[in-house]
Amino acid sequence: AFYVCFSGVCGGEFSILRSPQSVVFRDGSWPIPGERIPDVAALTMGFSVEEDLPWPGLGVGDLFHRPQATVLVTVKGVDKLPVKGFSYPIENAVPFSLDSVANAIHTLFSEETPVVLQLAPSEERVYMVGKANAVFEDLSVTLRQLRNRLFQDNSILSSLPLNSLSRNNEVDLLFLSELQVLHDIASLLSRHKHLAKDHSPDLYSLELSGLEEVGKRYGEDSQQFKDASQILVDSLQKFADQMFNLYGGNAVVEVVTVKEFNSPLSRKTRSILQASQSKKENPYNLAYPYNYDYSVIFNIVLWMMIGLALAVIVISYNLWNMDPGYDSIIYRMTNQKIRMD
């Protein structure tokens, strides 16, 4: 499919590989702003966001059954991959993070065992929060650990068709080591299934840049890049199916593909321009009549007051019409003639 975005520069795709029935994604070509991808993850997990998301791709779904896990894999170096599922073009592909979702999970479920894992293997960035850290302590996170993990007996090299890729090239090994991380995450979770069956939601955020390095090394028209892209697609589909099944079909697996992120400076400049425009539209500096959660607080207070008022009326009516002769010994003591049992 060919998409054209008139409101901004489109680069990359946001794809939904697997999702439960309680989360509704609509089939269409609606572009999603790159900076709102974390809000999509938050809304699918049942968390609130500061600004409304007027994006038709995400439906309401079942509000009482939220997914137990969100898995977001970011693939750098390619605009799109032929993965199965719904795909939406990304408008203004700026760098993003799921820190807000991770903080919400850690705040609300700190006493339980949520899995919050954010990992970028090629950059040796890892972030884990919660009591489930011990399960993923053996996960390879440094480049030396990744290389050593590949040459162990139970690595993916023994079962993965390398085709034109080589075991002796550092760029190829970096790409393959990221696929090894996907395999190890699913493997560790399968050995600790209690983490997927508890009541706390889990979050996995992975950033893969090995394909980008393969493209820089051999060129995007090379056989190595084509083979690596196909291997990555197969690995992502397998990883999505494994995570989806481990959570009993109650997980959302998403993939973001982007050729390269726009400079963070352009995002900052854009926000400053928006602020100056808002000042012109509101010359009197008037305050907003209410914030984004005003309606929630109003409904809570309103229905609580109505419930309390009805409770007072019902209790008062029953007390007023109570017959003392058919109640406890306290009320029977008010009779002039007390029956001695």
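Calculation criteria
Residues numbered from 1 in each chain as written. Predicted model: local features only at pLDDT ≥ 70, side-chain atom pairs only at ≥ 80, totals over all residues. Heavy atoms only, no water. Helix = DSSP H or I, 4+ residues; strand = E, 2+ residues; numbered from the N terminus. Buried < 20%, exposed > 50% of the residue type's maximum accessible area, 1.4 Å probe, protein only. Contact = heavy atoms within 4.5 Å. Areas by Shrake-Rupley, 256 points an atom, 1.4 Å probe, with all protein chains shown as cover. Phe/Tyr/Trp six-rings, centres within 6.5 Å; stacked < 30°, edge-to-face > 60°. Core = buried A, V, L, I, M, F, W, Y, C linked by side-chain atoms within 4.5 Å. Expected span 1.5 Å × (residues − 1). Polar contact = N/O pair within 3.5 Å; in protein donor to acceptor, adjacent residues only side chain to side chain. Axes fitted to C-alpha atoms, helices over the stretch in contact; angles between N-to-C directions. Parallel < 35°, antiparallel > 145°, perpendicular 65-115°, else oblique. Nonpolar A, V, L, I, M, F, W, Y, C, P; charged D, E, K, R; others polar. UniProt positions renumbered as here; feature names shortened; annotations may be inferred. Pairing = 2+ DSSP bridges. 1 Å grid on protein atoms, 1.4 Å probe; cavity = no way out; pocket = protein on both sides within 12 Å on 5 of 7 lines; lining within 4 Å. Points joined across faces, edges and corners; volume = space filled by probe spheres on them. Domains from an automatic or database assignment. Patch = residues over 30% accessible without salt bridge, like charges linked within 9 Å, V, L, I, M, F, W, Y side chains within 5 Å. Salt bridge = Lys/Arg side-chain N within 4 Å of Asp/Glu carboxyl O.

### Thoughts on the overall build of the protein
Now for step 1: Secondary structure summary: the protein contains ten helices and eight strands in total.
Now for step 2: Here the protein, with 341 residues, has 43% of them falling under the buried criterion.
Now for step 3: A separation of at least 24 residues holds for 76% of the contacts in the protein among residues at least 6 apart in sequence.
Now for step 4: Only carbon and sulfur atoms are counted for the fraction: they give 56% of the accessible area of the protein, which is about 20,200 Å².

### A look at the packing of aromatic side chains
Now for step 1: On inspection of all chains with the given rule, the structure shows five aromatic pairs.
Now for step 2: Residues Trp 55 and Tyr 88 carry aromatic rings whose centres are separated by 4.8 Å and whose planes lie at 75° to one another, so their mutual orientation is edge-to-face. Pair noted here: Trp 55 is in the loop between α1 (37-44) and β3 (69-76) and Tyr 88 is in strand β4 (residues 86-91), with a separation of 33 residues, a long-range link.
Now for step 3: Judged by relative accessible area, Tyr 88 falls into the buried class, the value being 0%.
Now for step 4: A ring pair is formed by Phe 96 and Phe 261, whose centres lie 6.3 Å apart and whose planes are at 80°; its orientation type is edge-to-face.

### Digging into the nonpolar core
Now for step 1: Among the nonpolar cores identified, the biggest contains 54 residues, and Phe 175 and Tyr 204 are the most heavily contacted of them.
Now for step 2: Tallying contributions element by element places helix α4 (residues 170-191) first for this core, with eleven residues.
Now for step 3: Every residue in contact with Phe 175, bar those within four places of it in the chain, is listed here: Leu 165, Gly 210, Leu 211, Val 214, Ala 228, Ile 231 and Leu 232.
Now for step 4: Counting 30 residues, the second-largest nonpolar core is a separate cluster that includes Ile 16, Ala 93, Leu 98 and Ala 102.

### Some points on α4
Now for step 1: The terminal C-alpha atoms of α4 lie 31 Å apart, and with 22 residues this matches the ideal 32 Å at 1.5 Å per residue to within 8%.
Now for step 2: Burial analysis of α4 places 17 of its 22 residues in the buried class, which makes it a mostly covered element.
Now for step 3: Sitting at the head of α4, Asn 169 places a side-chain oxygen 2.9 Å from the backbone nitrogen of Val 171.

### Some words on the packing of helix α3 (residues 143-150) against α4
Now for step 1: Put simply, α3 and α4 touch, their axes get as near as 9 Å, and they point 80° apart. On the basis of their axis angle, the class for α3 and α4 is roughly perpendicular. Packed against α3, whose contacting residues are Leu 143, Leu 146, Arg 147, Arg 149 and Leu 150, the element α4 presents Glu 170, Leu 173, Leu 174, Leu 176, Ser 177, Gln 180, Val 181 and Asp 184 at the interface.
Now for step 2: Tallied by class, the residues present in the contact of α3 with α4 amount to seven nonpolar, two polar and four charged.

### Topic: the UniProt feature "transmembrane region" (unreviewed entry) in the protein
Now for step 1: Sequence positions flagged by UniProt for "transmembrane region" (unreviewed entry) are, in local numbering, residues 296-320.
Now for step 2: Between the end C-alpha atoms of residues 296-320 there is a gap of 36 Å, over a span that is 100% helix and 0% strand.

### Focus on the pairing of β3
Successive residues of a regular strand alternate their side chains across the two faces of the sheet.
Now for step 1: In terms of residue burial, β3 counts as a mostly covered element, since eight of its eight residues are buried.
Now for step 2: What you see with β3 is no split at all: Ala 69, Val 71, Val 73 and Val 75 on one side and Thr 70, Leu 72, Thr 74 and Lys 76 on the other are buried throughout.
Now for step 3: Strand direction decides the pairing type here: β3 and strand β7 (residues 202-208), joined by seven bridges, are parallel. Along β7, the bridge assignment pairs Leu 72 with Ser 205.
Now for step 4: Where β3 lies against strand β8 (residues 251-258), eight bridges are found, and the strand directions are parallel. Residue Thr 74 lies in a different strand from β8, and its bridge partner there is Val 256.

### Focus on the layout of surface pockets
Now for step 1: A volume near 570 Å³ is recorded for the second largest pocket.
Now for step 2: Taken together, 22 residues form the lining of the second largest pocket, with Leu 43, Phe 47, Ser 48, Val 49 and Leu 63 sitting closest to its centre.
Now for step 3: For the lining of the second largest pocket, the secondary structure elements donating two or more residues are α1 and α9 (294-320).
Now for step 4: A per-class count over the lining of the second largest pocket returns twelve nonpolar, seven polar and three charged.
Now for step 5: Split by domain, the residues of the lining of the second largest pocket number at least three in each of domain 1 (10-258) and domain 2 (293-330).

### Re a nonpolar patch on the surface
Now for step 1: The grouping of Tyr 294, Phe 298, Leu 302, Trp 303, Ile 306, Leu 310 and Ile 313 at the surface amounts to a nonpolar patch, some 720 Å² of accessible area in total.
Now for step 2: By the element assignment, Phe 298 lies in helix α9.
Now for step 3: The class of Phe 298 is partly exposed, set by a relative accessible area of 42%.

### A few points about the pattern of salt bridges
Now for step 1: All told, the structure shown has eleven salt bridges when counted by the stated rule.
Now for step 2: The residue Arg 147 makes a salt bridge to Glu 170 at a minimum N-O spacing of 2.7 Å. Here Arg 147 is found in helix α3, whereas its partner Glu 170 is found in helix α4, with 23 residues between them in sequence.
Now for step 3: On the basis of relative accessibility, which here comes to 37%, the residue Arg 147 falls in the partly exposed class.
Now for step 4: Measuring nitrogen to oxygen at the nearest pair gives 3.0 Å for the salt bridge that ties Arg 149 to Asp 184. Note that Arg 149 is positioned in helix α3 and Asp 184 in helix α4, a separation of 35 residues in sequence.
Now for step 5: According to the relative accessible area criterion, Arg 149 is buried, its value standing at 11%.
Now for step 6: Using a relative accessible area of 10% as the deciding quantity, one classes Asp 184 as buried.

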